[in-house]
Amino acid sequence: GASDGVQNVPPAIPVVKGWNLLPVASMNVSSGNVVADTYFANLDWNKAKGWNATTELWIDVVSDTGDGDLTDGANVVIGKGYWVFANKAGTLIP
């Protein structure tokens, strides 16, 4: 078969209830930040943690404050992985 014009299929990552190690992936850009609530929008998540190898400290990723303005939550970085606590099973679709 021909491979001309074949594009990548967007990933769908299964998530279990509890802690999950999840990547921050993008089909459009290779680096940058994404608002955590936007990236994890289809998950029922409670908390996320990232590791800073330079400082050797965990970084808390917090959700929106509940006012409906998703821009006041924390950011996640494309190309990094985060431990995310999911309140129920679901699927992450970056």
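Parameters and conventions
- Residues numbered from 1 in each chain as written.
- Predicted model: local features only at pLDDT ≥ 70, side-chain atom pairs only at ≥ 80, totals over all residues.
- Heavy atoms only, no water.
- Pairing = 2+ DSSP bridges.
- Helix = DSSP H or I, 4+ residues; strand = E, 2+ residues; numbered from the N terminus.
- Axes fitted to C-alpha atoms, helices over the stretch in contact; angles between N-to-C directions.
- Buried < 20%, exposed > 50% of the residue type's maximum accessible area, 1.4 Å probe, protein only.
- Contact = heavy atoms within 4.5 Å.

Overall, antiparallel pairing links the four strands, which are arranged β2-β7-β4-β5 in an open sheet. Two strands bound the open sheet, and with one partner strand each, they are β2 (18–23) and β5 (57–61). If you compare each strand with its neighbour and ignore which way they point, the axes differ by 30° on average. Of the pairings in the sheet, the one linking strand β4 (residues 45–52) to strand β7 (residues 81–86) comprises four bridges and is antiparallel in character. Looking across to β7, one finds that Ala 48 is bridged to Val 84.

Now for the environment of Phe 40. Here Phe 40 shows up in the loop between α1 (36–39) and β4. According to the relative accessible area criterion, Phe 40 is buried, its value standing at 1%. Each C-alpha atom, one on Phe 40 and one on Thr 91, is 9.5 Å from the other, the two residues being 51 residues apart in sequence. Dropping the residues within four chain positions of it, Phe 40 is found in contact with Leu 22, Trp 45, Val 76, Val 84 and Leu 92.

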